[in-house]
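For reference, the chains in residue letters:
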Amino acid sequence: DQQVKQNSPSLSVQEGRISILNCDYTNSMFDYFLWYKKYPAEGPTFLISISSIKDKNEDGRFTVFLNKSAKHLSLHIVPSQPGDSAVYFCAASMGSVGGAQKLVFGQGTRLTINP
Amino acid sequence: DTGVSQDPRHKITKRGQNVTFRCDPISEHNRLYWYRQTLGQGPEFLTYFQNEAQLEKSRLLSDRFSAERPKGSFSTLEIQRTEQGDSAMYLCASTGPLSSYNSPLHFGNGTRLTVT
């Protein structure tokens, strides 16, 4: 069962415009959500996170929105730059006991920024 | 500190052979994780250690898989009697001490295993 889903395998955006990546989850016990970025031949790199007690978190060009009632989160990148071209993974975790980061990942969305 | 280091980067082996991968986490990190990623999928949790104790194993980790972290520093993941279905990217990640609740995972660049 896919508890975290990224339904768009790919997304193409013009440089300078906004990129919006979406993620849905099914498990209401998830209480912490993260976005990772992955370049070819490298491991995933942490980008931004949000706790379930918030509905928005912003870090520079990156903003994550969480809609708990819809079990949906999104990552906004504005303005998009060519270096943002990568695969983006949404991830979720639950059970804050000990802070164990047993993340459940989505399938990823390949973002391509066109000049 | 250059981050999480994994060795080797690539491993090609014949079905039935044993393989072992090594992970060196960020030095001050006490938690270490192994994930597996297959083509077109996100990483899947395999197991994690807090210091030298292996605290959780996924049901994905069959009896042919064993992970160790003998001194609470580096870790090894061994796969015995490899099968073609074991072909994947094996990712190691580490994160900070217990007091750093929800500190994000730092991943290595992975070991790509191909079983022929």
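A. Structural view of the overall build of chain B. When helices and strands are counted, chain B shows 0 helices and 11 strands. Along the chain direction, N to C, the helices and strands of chain B fall in the order β-β-β-β-β-β-β-β-β-β-β. Computed over its C-alpha atoms, the radius of gyration of chain B comes to 14 Å, within 12% of the 13 Å expected for a compact globule of 116 residues. In terms of principal-axis extent, the alpha carbons of chain B reach across some 45 × 25 × 25 Å. When burial is assessed residue by residue, chain B has 47% of its 116 residues classed as buried. For chain B, the proportion of contacts with a sequence separation of at least 24, taken over those separated by at least 6, is 54%. Total accessible area on chain B is roughly 5,900 Å²; 44% of this is exposed by carbon and sulfur atoms.

B. Inspection of the nonpolar core at higher detail. Residue and element names in this part refer to chain A. Ranked by internal contacts, the top residues of the largest apolar core, which has 23 residues, are Phe 33, Trp 35, Leu 73, Leu 75 and Tyr 88. The set of elements that each furnish at least two residues to this core consists of strand E3 (19–25), strand E4 (30–38), strand E5 (45–51), strand E7 (62–67), strand E8 (72–77), strand E9 (86–94) and strand E11 (109–114). It is E9 that contributes the most residues to this core, 4 residues altogether. Non-local contacts of Phe 33, meaning those with residues more than four positions away in its chain, are made with Tyr 25, Ile 48, Ser 49, Ile 50, Ser 52, Leu 66, Leu 73, Ala 91 and Ala 92.

C. Geometry of the sheet that holds strand E7 (residues 65–68) of chain B. Residues and elements named next belong to chain B. An order of E1-E3-E8-E7 is seen for the 4 strands of this open sheet, with the pairing classed as antiparallel. This sheet does not close on itself; its edge strands, each paired only once, are strand E1 (5–7) and E7. Each neighbouring strand pair of the sheet contributes to a mean axis angle of 15°, computed without reference to strand direction. When E1 meets strand E3 (residues 19–24), the two strands line up antiparallel, connected through 3 bridges. Within the sheet, the bridge partner assigned to Gln 6 lies in E3 and is Cys 23.

D. Quick peek at the sheet that holds strand E1 (residues 4–5) of chain A. Residue and element names in this part refer to chain A. Taken in spatial order, the 5 strands line up as E1-E3-E8-E7-E6 in an open sheet, and their pairing is antiparallel. Lying at the two open borders of the sheet, with one neighbouring strand each, are E1 and strand E6 (56–59). Across 6 bridges, E7 lies against E8 in antiparallel orientation. Its bridge partner being in E8, Phe 65 is matched across the sheet by Ser 74.

E. Broad picture of the interface of chain B and chain A. The partner chain A presents 22 residues to the 22 residues of chain B that form the contact. Carbon and sulfur atoms supply 55% of the area that chain B and chain A bury against each other, a total of about 1,800 Å² over both sides. In this structure, the connection of chain B to chain A is made through 1 salt bridge. Between Lys 102 of chain A and Glu 56 of chain B there is a salt bridge, with the nearest N and O atoms lying 2.6 Å from each other. Linking chain B to chain A there are 6 residue pairs in polar contact (both at pLDDT 80 or more).

F. Seen up close, the pattern of salt bridges. Residues and elements named next belong to chain A. Applying the stated criterion across every chain, the model contains 5 salt bridges over all chains. Residue Asp 84 is joined to Arg 61 by a salt bridge in which the shortest nitrogen-to-oxygen separation is 2.8 Å. Here Asp 84, found in the loop between E8 and E9, pairs with Arg 61, found in the loop between E6 and E7; they are 23 residues apart in sequence, far enough to count as distant.

Thresholds applied
- Residues numbered from 1 in each chain as written.
- Chains lettered and ligands numbered in written order.
- Predicted model: local features only at pLDDT ≥ 70, side-chain atom pairs only at ≥ 80, totals over all residues.
- Heavy atoms only, no water.
- Helix = DSSP H or I, 4+ residues; strand = E, 2+ residues; numbered from the N terminus.
- Rg over C-alpha atoms; globule rule 2.2 N^0.38 Å.
- Buried < 20%, exposed > 50% of the residue type's maximum accessible area, 1.4 Å probe, protein only.
- Contact = heavy atoms within 4.5 Å.
- Areas by Shrake-Rupley, 256 points an atom, 1.4 Å probe, with all protein chains shown as cover.
- Core = buried A, V, L, I, M, F, W, Y, C linked by side-chain atoms within 4.5 Å.
- Pairing = 2+ DSSP bridges.
- Axes fitted to C-alpha atoms, helices over the stretch in contact; angles between N-to-C directions.
- Buried area = accessible area lost by both parts, 1.4 Å probe.
- Salt bridge = Lys/Arg side-chain N within 4 Å of Asp/Glu carboxyl O.
- Polar contact = N/O pair within 3.5 Å; in protein donor to acceptor, adjacent residues only side chain to side chain.

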